[in-house]
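Each chain, letter by letter, is given below.
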Amino acid sequence: MDRGDKQQQQQQQNQMSLAKSSRQRYSEWIFRDVPSDITLDVGGGTFALHKFPLVSRCGKIRKLVAEHRDSDISRIELLNLPGGADSFELAAKFCYGINFEITPLNVAQLCCVSDYLEMNEEYSKDNLGSRAEEYLETIICKNLEMSVEVLQQCENLLPLADELKIVSRCVDAIASKACAEQIASSFSRLEYSSSGRLHMSKQVKCEGDWWIDDISNLRVDLYQRVIMAMKCRGVRPESIGASLMNYAQKELTRKSSLWNLSNQQKADLLVSNTMEHEKIVVETIISLLPVEKQAVPLSFLFGLLRSAVMLDCSVACRLDLERRIGSQLDVATLDDLLIPLFRHAGDTLFDVDTVHRILVNFSQQDDSEEDELEDDASVFESEGPRSPSQSALFKVAKLVDNYLAEIAPDANLKLNKFLVIAESLPAHARTVHDGLYRAVDIYLKAHQSLSESDRKKLCKLIDFQKLSQEAGAHAAQNERLPLQSIVQVLYFEQIRLRNSLCCSYNDEDPKPMHHQSWRISSGALSAAMSPRDNYASLRRENRELKLELARLRMRLNDLEKEHVCMKRDMAKSNSRKFMSSFSKKIGKLSLFGHSSSRGSSSPSRHSHRTDSKVIERTCASTD
């Protein structure tokens, strides 16, 4: 006898011993003094029972016995009985009048097996079906933890448990209880402030979210139904996000062991059942993400994106994640953007295409926000700090420069991919080009075989006028840059040196220099600002000019009044009196509001205060 025959014989012996032990266990509660007249085969188990107690409560067995009355049927096989031999044992005990306890662990089985065996009120009063339904409605659906336990038992009873609405009732019970818990906890967090107003106290974790750990043990399809029901019930997005993170941590822990495997091992695992299960989990979690930005941390979204790339999830899932990440990219870190590329051996180390799509989403979202703000003219009247979208743009520009510097040493990184990442943001996103220059320099150093035209194309990204003094000095001596770029650097450095010399030379005249420096800085800022901030700067400059024009108008009005007075004095007095009056009035007048005499200082201050009030009224009317 060969080895294969021995193994087959051993398996048959094990099955026979298992069947024998099951028959012994099932026969412990059966009447031994009355010989059995029917045998039932259920899911590998054999039951030697009696027809009368079975047909008195089971409609299915009564029909089978009635169909074979003439042949006196003695053996029945029940195929696909829900719950198998264990469920049938409970149903048989009920038929024999043997008491047992209905619990959350067996109520779903009892509901399903009673429906399969037709143990309803039509064949017996207070039958097993009505008993199980009563326990499900009065006990299970009133308790969240018990509903979760029953839902777990339904995993092996589908689709019958779904047809009997056991799943839907448990899902609705879990969602309603979770919502009620949150409402109760919210009321408990209400408190009065020092001013007497009612407000919600801040807590790190809400007490009404204790159910998160309970539902994380559900199978992914049932978990999806629970979360969708919670969303419909109005459970807080933060609680939904916390539950999704907890579920992902439990279901995707096996994924972490795949990062250090070779490409061949990864290819083998991608077709395995484990990887397929994790792919379903990732796609399900992405579909359940709340629409609110702060519901889940950005790092969790990036983790899902890495998993989606590695597991080759659907394109729709990845695009949805990229859109969500792009809407809050300003809080991302460099480590978040470094997404490894798991496919196409010999290509780049990092997934540059995914990062480019994220940047496109961010730019489109930023442009849409600016368009909405441009419709409101009052926004441009604000002279406060830059809008959040503009500050977010600056943060993302710095992040992109660091990302370019990180991926630049990759020998397989093509020039067009480097350029498309650098050009994904608008020109006004960078006020200083030091970071971009550093990334370009690293790329030139790592790709020394670039042609002259490619180097010129790369250096066109940099505005050498926006380099700092240190970066400009480095660029002037950088042999990797094209000659044309070095000439531009030297030209702008010369202009900077000349401006610094002019500023130091005109230090003795602070007021004109103040206006000159203000205009120079205003021009520099306007070149680096977005169209919205540039327009606000022009509005402020226009106000300054209006104020100066109003002052000149007030001085002109004073001169005209004095001229009229002088004509009147000439007509009434002689030339000597006129000359003395003329000299006194000339001493009082000053075009720019300054007087060398001590006695005229007080009237000048009074006139200046009066002019200021009139100017304010004039500016208010012109605006």
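Criteria and thresholds
Residues numbered from 1 in each chain as written. Predicted model: local features only at pLDDT ≥ 70, side-chain atom pairs only at ≥ 80, totals over all residues. Heavy atoms only, no water. Helix = DSSP H or I, 4+ residues; strand = E, 2+ residues; numbered from the N terminus. Buried < 20%, exposed > 50% of the residue type's maximum accessible area, 1.4 Å probe, protein only. Contact = heavy atoms within 4.5 Å. Areas by Shrake-Rupley, 256 points an atom, 1.4 Å probe, with all protein chains shown as cover. Core = buried A, V, L, I, M, F, W, Y, C linked by side-chain atoms within 4.5 Å. Salt bridge = Lys/Arg side-chain N within 4 Å of Asp/Glu carboxyl O. Phe/Tyr/Trp six-rings, centres within 6.5 Å; stacked < 30°, edge-to-face > 60°. Lys NZ or Arg CZ within 6 Å of the ring centre and 35° of its normal. Polar contact = N/O pair within 3.5 Å; in protein donor to acceptor, adjacent residues only side chain to side chain. Lys, Arg positive; Asp, Glu negative; His and termini not counted. Arc of directions from axis to C-beta. Pairing = 2+ DSSP bridges. Axes fitted to C-alpha atoms, helices over the stretch in contact; angles between N-to-C directions. Parallel < 35°, antiparallel > 145°, perpendicular 65-115°, else oblique. Left-handed = near helix turned anticlockwise from the far one by under 90°. Nonpolar A, V, L, I, M, F, W, Y, C, P; charged D, E, K, R; others polar. Disulfide = S-S within 2.5 Å.

### Thoughts on the overall build of the protein
The secondary structure content of the protein amounts to 28 helices and five strands. Counting every position in the protein, which comprises 623 residues, the buried fraction comes to 40%. Counted over contacts in the protein with a minimum sequence separation of 6, partners at least 24 positions apart contribute 70%. For the protein, the accessible surface area stands at approximately 36,100 Å², while carbon and sulfur atoms represent 52% of it.

### Thoughts on the nonpolar core
Counting residues in hydrophobic clusters, the biggest one holds 141 residues, and the most contacted among them are Leu40, Phe88, Leu117, Ile215, Met230, Leu329 and Phe418. Contacts of Phe88, omitting those with residues within four sequence positions, involve Leu40, Val42, Phe47, Leu49, Ile61, Leu78, Leu81, Val113 and Leu117.

### A few points about the pattern of salt bridges
Opposite charge on two side chains permits them to pair, given that their charged atoms come into close proximity. By the definition in use, this model includes 15 salt bridges. Across the pair Asp401 and Arg430 runs a salt bridge, and its minimum N-O distance is 3.0 Å. One end of the pair, Asp401, is in helix α19 (residues 388-407); the other, Arg430, is in the loop between α20 (415-422) and α21 (434-446), with 29 residues separating them in the sequence. Of the charged contacts in the structure, one is a salt bridge between Asp441 and Arg480, with a shortest N-O distance of 2.9 Å. Placement of Asp441 in helix α21 and of Arg480 in the loop between α23 (469-476) and α24 (483-505) is noted, with a sequence separation of 39 residues between them. Using a relative accessible area of 12% as the deciding quantity, one classes Asp441 as buried. When its relative accessible area of 29% is taken as the criterion, Arg480 is described as partly exposed. Via salt bridges that share partners, Glu133, Glu137 and Arg169 belong to a single interconnected network.

### Re the packing of aromatic side chains
Per the counting criterion, the structure on display carries four aromatic pairs. One Lys or Arg, Lys60, reaches over the ring of Tyr116 and ends 5.0 Å from the middle of that ring.

### Observations concerning the side chain of Thr46
Topologically, Thr46 is positioned in strand β2 (residues 45-49). Among the residues examined, Thr46 registers a relative accessible area of 19% and is labelled buried. Of note is the side chain of Thr46, whose polar atom sits 3.4 Å from the side chain of Asp41.

### Focus on the environment of Asp351
With respect to the secondary-structure elements, Asp351 resides in the loop between α17 (334-337) and α18 (352-374). Considered as a pair, Asp351 and Val309 are 42 residues apart in the sequence and their alpha carbons are 9.1 Å apart. If near-sequence neighbours (up to four positions away) are discounted, Asp351 is found in contact with Val309, Ile339, Pro340, Leu341 and Tyr403. Side-chain polar atoms of Asp351 contact the side chain of Thr354, separated by 2.7 Å.

### Some details on the side chain of Asp410
Positionally, Asp410 belongs in the loop between α19 and α20. Of the buried charged residues, Asp410 lacks a salt bridge, with Lys417 as the closest side chain of opposite charge at 8.7 Å. For Asp410, the side chain forms a polar contact with the main-chain nitrogen of Asn412, separated by 3.1 Å. Beyond its immediate stretch of four places on either side in the chain, Asp410 contacts Thr348, Leu349 and His447.

### Considering helix α6 (residues 128-138)
Owing to its 3.6 residues per turn, the α-helix brings residues three or four apart onto one side. Taken together, the buried positions of α6 are Leu128, Gly129, Ala132, Tyr135 and Leu136. Buried residues in α6, looked at end-on, bunch into an arc of 135 degrees, giving them a common side.

### So, the sheet that holds β2
Strand pairing within a sheet occurs via backbone hydrogen bonds; the two strands may be parallel or antiparallel. Pairing in this open sheet of three strands is mixed, and the strands run β2-β1-β3 from one edge to the other. The sheet is open, and its two edges are formed by β2 and β3 (75-78), each paired on a single side. For this sheet the average axis-to-axis angle between neighbouring strands, irrespective of direction, equals 20 degrees. Sheet topology places strand β1 (residues 38-42) next to β2; five bridges connect them, and they run antiparallel.

### Re the packing of α21 against helix α22 (residues 452-459)
Two elements in contact, α21 and α22, have axes separated by 10 Å at closest approach and are oriented at 165 degrees. One element, α21, and the other, α22, form an angle in the roughly antiparallel class. At the point where α21 passes α22, the crossing takes the right-handed sense. Together, Val440, Tyr443 and Leu444 of α21 and Arg455, Leu458 and Cys459 of α22 make up the contact between the two elements. Looking at side-chain class alone, the contact of α21 with α22 contains five nonpolar, no polar and one charged residues.

### Describing the pairing of β2
The element β2 is largely enclosed, with a buried count of four among its five residues. Between β1 and β2, which pair antiparallel one after the other, the connecting turn spans two residues, and Gly43 there sits at a positive phi close to 50 degrees.

### With respect to the environment of Asn106
Considering the arrangement of structural elements, one finds Asn106 in the loop between α4 (84-95) and α5 (107-116). Given a relative accessible area of 11%, Asn106 falls into the buried group. C-alpha separation for the pair Asn106 and Cys154, spaced 48 residues apart in sequence, amounts to 9.9 Å. Discounting residues that sit within four places of it in the chain, Asn106 has contacts with Leu90 and Glu101. Of note is the side chain of Asn106, whose polar atom sits 2.8 Å from the backbone nitrogen of Thr103.

### Quick notes on the state of the cysteines
All told, the structure shown has zero disulfides when counted by the stated rule. In this structure Cys317 is not part of a disulfide, and its nearest cysteine sulfur, from Cys313, lies 6.1 Å away. Cys317 gets classed as buried once you look at its relative accessible area, which sits at 11%.

### A few points about unusual backbone geometry
Cis peptide bonds are those with omega within 30 degrees of zero, and the linkage from Leu158 to Pro159 qualifies with 5 degrees. Position of Pro159 relative to the elements: it lies in the loop between α7 (144-153) and α8 (160-163). One non-glycine residue, Glu118, lies in the positive phi region at around 60 degrees. Summarising the element assignment, Glu118 is placed in the loop between α5 and α6. With a phi close to 50 degrees, Asp126 is a non-glycine residue in the positive phi region.

### Let's talk about the packing of helix α11 (residues 220-233) against helix α14 (residues 273-288)
One way to put it is that α11 packs onto α14 with a least axis distance of 11 Å and a crossing angle of 5 degrees. On the basis of the axis angle, α11 is roughly parallel to α14. Contacts between α11 and α14 involve Val220, Tyr223, Gln224, Ile227, Met228 and Lys231 on the former and, on the latter, Ile280, Val281, Thr284, Ser287 and Leu288.

### Quick notes on the pairing of β1
Among the five residues in β1, five count as buried, and that is most of the element. The alternating pattern of β1 places Ile38, Leu40 and Val42 on one face and Thr39 and Asp41 on the opposite face, and all of these are buried. In terms of strand pairing, β1 meets β3 through four bridges, oriented parallel. For Val42, the partnering residue across the bridge sits in β3 and is Leu78.

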